[in-house]
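Structural description and commentary
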Amino acid sequence: MVNKYEGKVFVVDHGRAATPLHRSILDALELIEEGYIAVRIKEILEEQRNKMSIYIGVDTLEYLKKGGRITPAAAAVGSVLHIKPVLKLDVGKLDGYKKCRGFAKARRIMIDALKEDLDTRFKEWYDRNEVCIMAAS
């Protein structure tokens, strides 16, 4: 039996969710308008998977505790001390980036990390005005 969607529908494995997924959809729409075919759009989107930095400021330790990433004791101590971890999401991998006291400090750490990425990892694209910065809460 021939699948009527074969060669027309492609699953893109870009390893992202939420806001970066939104950006990927917008990129796909732009590529469609530029005349790219579906298979090439899939390839382009998958090539971009390593060209993103995602920093997550965690306001509560509740979900890290529920997910088994930290122990209940660490969550309790962290809550008392107002510890707000900043996580970094790479393709398929969520790691701790820095810990700080208070969410204002976490926000500053994320902004500084973004600036560092623009000055190093993404400098070439930033200099050509080809960087998209997104924030979500």
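Coordinates for the structure precede this section.
Report on the accompanying structure. (Residues numbered from 1 in each chain as written. Predicted model: local features only at pLDDT ≥ 70, side-chain atom pairs only at ≥ 80, totals over all residues. Heavy atoms only, no water.)

All right, on to the nonpolar core then. Core analysis: the largest hydrophobic core is formed by seven residues, namely Tyr55, Val86, Cys100, Ala106, Ile109, Met110 and Ala113. Element by element, the count of residues in this core is highest for helix H5 (residues 103-119), at four residues. Those residues in contact with Cys100 that lie beyond four places of it in its chain are His82, Ile83, Lys84, Lys105, Ala106 and Ile109. (Core = buried A, V, L, I, M, F, W, Y, C linked by side-chain atoms within 4.5 Å. Buried < 20%, exposed > 50% of the residue type's maximum accessible area, 1.4 Å probe, protein only. Helix = DSSP H or I, 4+ residues; strand = E, 2+ residues; numbered from the N terminus. Contact = heavy atoms within 4.5 Å.)

A separate point is the environment of Met110. Along the chain, Met110 falls in helix H5. By relative accessible area, Met110 is classed as buried at 17%. Measuring from C-alpha to C-alpha, the distance between Met110 and Ile25 comes to 24 Å, with 85 residues separating the pair along the chain. Among all residues touching Met110, those that are not within four sequence positions of it are Tyr55, Ile56, Gly57 and Val86.

For His82, which is not a glycine, the phi torsion comes out positive at approximately 60°. One can find His82 in the loop between helix H4 (72-80) and strand E2 (83-90). On the accessibility criterion, His82 (48% relative accessible area) is partly exposed. The phi angle at Asn129 is positive, at roughly 60°, despite the residue not being glycine. One can find Asn129 in the segment after helix H6 (123-127). On the accessibility criterion, Asn129 (71% relative accessible area) is exposed.

As a further point, take the layout of surface pockets. The volume enclosed by the largest pocket comes to roughly 1400 Å³. In terms of lining, the largest pocket is formed by 37 residues, of which the most central are Ser53, Ile54, Cys132, Ile133 and Met134. Taken together, the elements giving at least two residues each to the lining of the largest pocket come down to helix H1 (18-33), helix H2 (38-47), strand E1 (54-57) and H5. Residues belonging to the lining of the largest pocket are distributed by class as follows: 23 nonpolar, five polar and nine charged. Of the voids in this model, the second largest pocket is the one considered here, and its volume is about 280 Å³. Surrounding the second largest pocket, 16 residues form its lining, Leu61, Leu64, Ile70, Pro85 and Lys99 being those nearest its centre. Per-element accounting of the lining of the second largest pocket gives the leading share, five residues, to strand E3 (residues 93-101). Looking at the lining of the second largest pocket residue by residue, the classes come out as 10 nonpolar, two polar and four charged. (1 Å grid on protein atoms, 1.4 Å probe; cavity = no way out; pocket = protein on both sides within 12 Å on 5 of 7 lines; lining within 4 Å. Points joined across faces, edges and corners; volume = space filled by probe spheres on them. Nonpolar A, V, L, I, M, F, W, Y, C, P; charged D, E, K, R; others polar.)

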